[in-house]
Amino acid sequence: MRPALLLFAFFLSLSSVFSQGIIRGKITNSVNNQPIGFANVLILNTDLGAISDENGNYEIQNVPPGLYNIRASFVGYKSSTQFEIQVTLARPVQLDFNLSEDASELSEVVVNSEFTRSEETPLSVRKLGTNEIERYPGGNRDISRVIQALPGVASTPSFRNDILIRGGAPNENRFYVDEIEVPVINHFSTQGSSGGPVGIINVNLIKSLDLIAGGFPANRMDALSSFFEIQLKEGRRDKMFSQLTLGASELTFSNDGPLSEKTTYSLSARRSYLQGLFRLLGLPFLPTFNDFQLKTTTRINEKTELTFIGLGAIDDFELNQDIPENETEEERENRLYLLDVLPVQTQWNYTTGVKLKRFRENGFWTFVLSRNMLNNQSIKYAGNDASSENNLLFDYSSQESENKFRAENSIFGKGYTIKYGVNYQYSRYFISNFDRSTLSSTGGVIDVEATSFFNQYGGFISGSKNFVGDRLLLTGGVRIDGADFAKTASNPFNQISPRLSASYQLKQNLYATLNAGIYYQKPSYSVLGYRDNEGVLVNQENDVRYIRNAQLIGGIEYLVPEKSRRFTAEVFYKKYSNYPSSIRNGISLANLGADFGVIGNEPVASNSSGRAYGLELLAQQRFYNNFYGIAAITLVRSEFTNPNTQGFVPSAWDNKFIVSMSGGKRFRKNWEIGSRWRFLGGTPYTPFDLEASSLISNWDLRNSGILDYTQINAIRLNPFHQLDLRIDKKYFFDRWNLNWYVDIQNLYNFQAEQAPILIPVRDDSGNILIDPNDPSRYQLKLIENPAGNILPTVGIIVEF
């Protein structure tokens, strides 16, 4: 057997010696989609390159397998560089470039643009490419975790993918895939928020990701902390290609290719096998998730392009009541507590949309039509005994569906840009909710079933222009939004949203930036559609309002284009108003969203305010001399008012500081090693009300403790840190590629402090003990709840 293994290893090491790769694509004008002939395409730091023909097509042959930065340029246009392009033997690389005309009069100059600067958002934009996403250490090929490497983004020590940006809550972000909004990007998503344990979008199909953390463009709406612009890869135009990924928790299949001469497709499907794995480990919960993804691109003619996307997920969460062998007392307590608390849950969601782009000589029209839907069901019986309806604690079912239309016109002139557009959205929210678990706080059982419909409408206009010999760029815009969910919101003039940005070139590759803007976001559907037992839309009666956020950002940016380096420093201030607060608990909903379940399904008042402010530093090295890295430091405070407290108190997202460093090195023979280290300040939490929690009447309804909201976020956790490591090895063959990787999260097994858990004291039979001094109460105790274990993952990726 040993000689056979040695022979196989020898074959792997020599298979690529006599073969070379190919890079081909098309170069077009980003404004009118016209092909650019005779443009230069260079593989940086090599002697390889090509010139496009009169149709904009180019091809570079005899490229050794490896990772390259590739630049396209032409006189009178800003050059464009695409980083970390993987060349293999199994298929030619399909690499297209869209070049923007230089606004200056110096038509004989080729403008360098290593780090693309958008006219609409000249600051607070971070970019990641395909390879940066796929091989990110600790990301486990999950886009939601990869995002946590970017500056200003906080992460948690738990296994959730909550995205917390510059002190904002996880529900303040919006996600666009090929300019189509996708509201849900995580499996087992928290309704009314955005977090979850596993991302939905398959990284195999992602071309690039842009994070916009401030200075939002006027054509984007309904977010307070960030917008994510995700661009999917276009399917191959020459022949079909497939990819099979076997990971620690799921199996993924991807495929792309041509459907016809004018249409390409890319698709993926993923199936998890966590349920079987968790059952073998004896865990009390058994999750299963599935997802699918599809994109087609049709070039109807040279001026018209039609894109279709479809994404969806199906999630099931069951309980495992089997008793593991050799269970310790601590493991037994935790298992029984989780079985008492966790519901049986089913969730599915999808988004479908089409985008029509119609080019003309000086710009283009964009039309977007989409539909998305989220179905969320959760049920819990006392003692997990479903034999009697008397044991039913809650039975929750809801649906959120949105139908959206957006039309935008982009006009590009000599040194200026003008955009305007309109949008309309028709939404349906269905809820069926029986809940005895809130009996102590509401004074009665909740039993309601109803459907609500909402209309939302808006428009915008924006423009940008260069001054002072193109050293000064001014960008301004205003949008206006309205909706019929309440009286104040129905008047769009109550939600006028102006914004202004400036970028000034102080010297070559050194820029100063400034932005001021006001942004609005409607509350979640669980807030808008909440009804009492009489069917009244309670929060409509309370005149719930759009949440308002006024932002001020200033910064400086220094580029080193010849070495693909970037340094930025930004200060930011965010002022919140009209934030919903819970009438039952007297706390701002800005503190909620980092747990499973539903946020906002209760009476609220738009009377909370908040602020987040801080400093953000970034040093980024794009792929250069086989090295890459990102280092970011964020100092941030996040504070909100609550009806139960006086003045501002720290929010649940108040980390104080965030440090993130990631980098990697590519070695000979296609070995690569990367690591990430993060260090975050501890967040505050609210302690339990032990007196109220121990009452038998309360515990039997909830199976969990009641928080003491008079001490909202009064205790702060210790800081936490974690080191992740990833090792990749790739093999390139004439018809297929092989990549195996080892990804280790929390390499040195740091145990992060989390808020303690309140559990009942039980006898040997599992029965809860009654307090001998007060028969109306149970005996309860607090136990530590550390997070963090070494989590190794081994994966295999086969491309053919």
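Computed from a predicted structure; not experimentally measured.

## Considerations on the pattern of salt bridges
Item 1. Summed over the entire model, instances satisfying the criterion amount to 44 salt bridges.
Item 2. Residue Arg236 pairs with Asp238 through a salt bridge whose shortest N-O separation is 2.7 Å.
Item 3. What makes Arg236 buried here is its relative accessible area of 5%.
Item 4. Between Asp743 and Arg726 there is a salt bridge whose closest N-O contact spans 3.9 Å. Of this pair, Asp743 sits in strand β42 (residues 737–745) while Arg726 is found in strand β41 (residues 720–732), placing the two residues 17 residues apart along the sequence.
Item 5. A single network of salt bridges, built from pairs that share partners, joins Asp96, Glu234, Arg237, Arg299 and Glu305.

## Some points on the side chain of Asp222
Item 1. Within the secondary structure, Asp222 is located in the loop between β17 (206–212) and β18 (226–232).
Item 2. By relative accessible area, Asp222 is classed as buried at 9%.
Item 3. At 2.7 Å, the side chain of Asp222 and the side chain of Lys522 are in polar contact.
Item 4. Excluding residues within four positions of it along the chain, Asp222 makes contact with Arg174, Gln456, Tyr520, Gln521, Lys522 and Tyr546.

## Examining the packing of aromatic side chains
Item 1. Within this structure, the stated rule accounts for 25 aromatic pairs.
Item 2. Look at Trp365 and Tyr420: their rings are 5.9 Å apart centre to centre, the planes differ by 90°, and that puts the pair in the edge-to-face class. Placement of Trp365 in strand β25 (residues 363–381) and of Tyr420 in strand β27 (residues 416–435) is noted, with a sequence separation of 55 residues between them.
Item 3. Residue classification places Trp365 among the partly exposed residues on the basis of a relative accessible area of 29%.
Item 4. Put simply, the rings of Tyr176, Phe216, Phe227 and Tyr519 touch in pairs and so form one group of aromatic residues.
Item 5. Its end group placed over the ring of Tyr628, Arg135 keeps NZ or CZ at 3.5 Å from the ring centre.
Item 6. The ring of Phe648 is capped by Arg611, whose NZ or CZ atom sits 4.0 Å from the centre of that ring.

## Observations concerning the nonpolar core
The tendency in soluble globular proteins is for nonpolar side chains to be buried as a group.
Item 1. Ranked by internal contacts, the top residues of the largest apolar core, which has 31 residues, are Ile133, Ile143, Ile163, Ile201, Ile206, Leu209 and Phe228.
Item 2. For this core, the secondary structure elements donating two or more residues are α3 (143–146), β13 (173–177), β17, β18, β23 (304–319) and β35 (627–641).
Item 3. Setting aside residues up to four positions removed in sequence, Ile143 forms contacts with Ile133, Ile201, Val203, Ile206 and Leu209.
Item 4. Judged by nonpolar contacts, the second largest core, of 27 residues, contains Ala154, Ile553, Phe572 and Tyr576.

Basis of the calculations
Residues numbered from 1 in each chain as written. Predicted model: local features only at pLDDT ≥ 70, side-chain atom pairs only at ≥ 80, totals over all residues. Heavy atoms only, no water. Salt bridge = Lys/Arg side-chain N within 4 Å of Asp/Glu carboxyl O. Buried < 20%, exposed > 50% of the residue type's maximum accessible area, 1.4 Å probe, protein only. Helix = DSSP H or I, 4+ residues; strand = E, 2+ residues; numbered from the N terminus. Polar contact = N/O pair within 3.5 Å; in protein donor to acceptor, adjacent residues only side chain to side chain. Contact = heavy atoms within 4.5 Å. Phe/Tyr/Trp six-rings, centres within 6.5 Å; stacked < 30°, edge-to-face > 60°. Lys NZ or Arg CZ within 6 Å of the ring centre and 35° of its normal. Core = buried A, V, L, I, M, F, W, Y, C linked by side-chain atoms within 4.5 Å.

Shape descriptors only; they carry no functional weight alone.
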